[in-house]
Amino acid sequence: QVQLVESGGGLVAAGGSLRLSCAASGRTFSSYVMGWFRQAPGKEREFVAAINRSGGNAYYVDSVKGRFTISRDNAKNTVYLQMNSLKPEDTAVYYCAADSTYRRIVLATTTAGYGYWGQGTQVTVSS
């Protein structure tokens, strides 16, 4: 019903920047809270950021505040994650997800409620 396709991952040096994109299929993109998660080898999947349906509010995990920015363009059915000042510990597979439970974004920090997931894109930050 809803498919998410991520792009923009790659290899970048510490201190550099990268922008991830996630394009959504379907006609109800603006109905979803959108989130980004990441998972490093041997670790649990971690919440990174979420954005509300209109794009007016965002919420971030403390470790990326001030460095990452989530945004969305509903006209293009796309959500973005701008990552600046990247650190080696940011290395992970990054996933976008869509949540249609209408939770406030401060509550949308768990995988529960995100019914649709992208395939993931690898981000590697070299030291």
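Above this text is the structure in question.
Residues numbered from 1 in each chain as written. Predicted model: local features only at pLDDT ≥ 70, side-chain atom pairs only at ≥ 80, totals over all residues. Heavy atoms only, no water.

Notes on the overall build of the protein
Assigned secondary structure in the protein consists of 0 helices and 11 strands. Each helix and strand of the protein, ordered N terminal to C terminal, gives the series β-β-β-β-β-β-β-β-β-β-β. Overall size of the protein, expressed as C-alpha extent along the three principal axes, is 40 × 25 × 25 Å. Taking all 127 residues of the protein together, 43% fall into the buried category. Considering only residue pairs separated by 6 or more positions, the protein has 58% of its internal contacts joining residues 24 or more positions apart. When the accessible surface of the protein is split by element, carbon and sulfur atoms take 47% of a total near 6,400 Å². Within the protein, the 8 negative side-chain charges are centred at a point lying 6 Å from the centre of the 13 positive side-chain charges. (Helix = DSSP H or I, 4+ residues; strand = E, 2+ residues; numbered from the N terminus. Buried < 20%, exposed > 50% of the residue type's maximum accessible area, 1.4 Å probe, protein only. Contact = heavy atoms within 4.5 Å. Areas by Shrake-Rupley, 256 points an atom, 1.4 Å probe, with all protein chains shown as cover. Lys, Arg positive; Asp, Glu negative; His and termini not counted. Charge placed at Lys NZ, Arg CZ, Asp CG, Glu CD.)

Quick notes on the side chain of R38
Its place among the elements puts R38 in strand β4 (residues 33–39). Judged by its relative accessible area of 7%, R38 is buried. Setting aside chain neighbours within four positions, we find R38 in contact with E44, R45, E46, V48, S63, V64, F68, D90, A92, V93 and Y94.

A short note on the state of the cysteines
Taken as a whole and assessed by the stated rule, the structure comprises 1 disulfide. Across a sulfur-sulfur distance of 1.9 Å, C22 and C96 are joined as a disulfide pair. Disulfide C22 to C96: torsion about the S-S bond roughly 50°, handedness right-handed. Within this pair, whereas C22 is found in strand β3 (residues 18–24), its partner C96 is found in strand β9 (residues 92–99), the two being separated by 74 residues in sequence. Residue classification places C22 among the buried residues on the basis of a relative accessible area of 0%. (Disulfide = S-S within 2.5 Å.)

Points about the environment of V123
Position of V123 relative to the elements: it lies in strand β11 (residues 121–126). For V123 and K76, which are 47 residues apart along the polypeptide, the C-alpha to C-alpha distance reads 23 Å. Aside from chain neighbours lying at most four places away, what touches V123 is G9, G10, L18, L20, M83, D90, T91, A92 and Y94.

A short note on the sheet that holds strand β7 (residues 68–73)
The sheet built from 4 strands is open, its strands ordered β1-β3-β8-β7 with antiparallel pairing. Sheet topology places β1 (4–7) and β7 at the edges, where each strand pairs with a single neighbour. Pairwise comparison of adjacent strand axes, ignoring direction, gives a mean angle of 15° for this sheet. One ladder, built from 4 bridges, connects β1 with β3; its direction is antiparallel. In the strand pairing of β3, V5 is matched with A23. (Pairing = 2+ DSSP bridges. Axes fitted to C-alpha atoms, helices over the stretch in contact; angles between N-to-C directions.)

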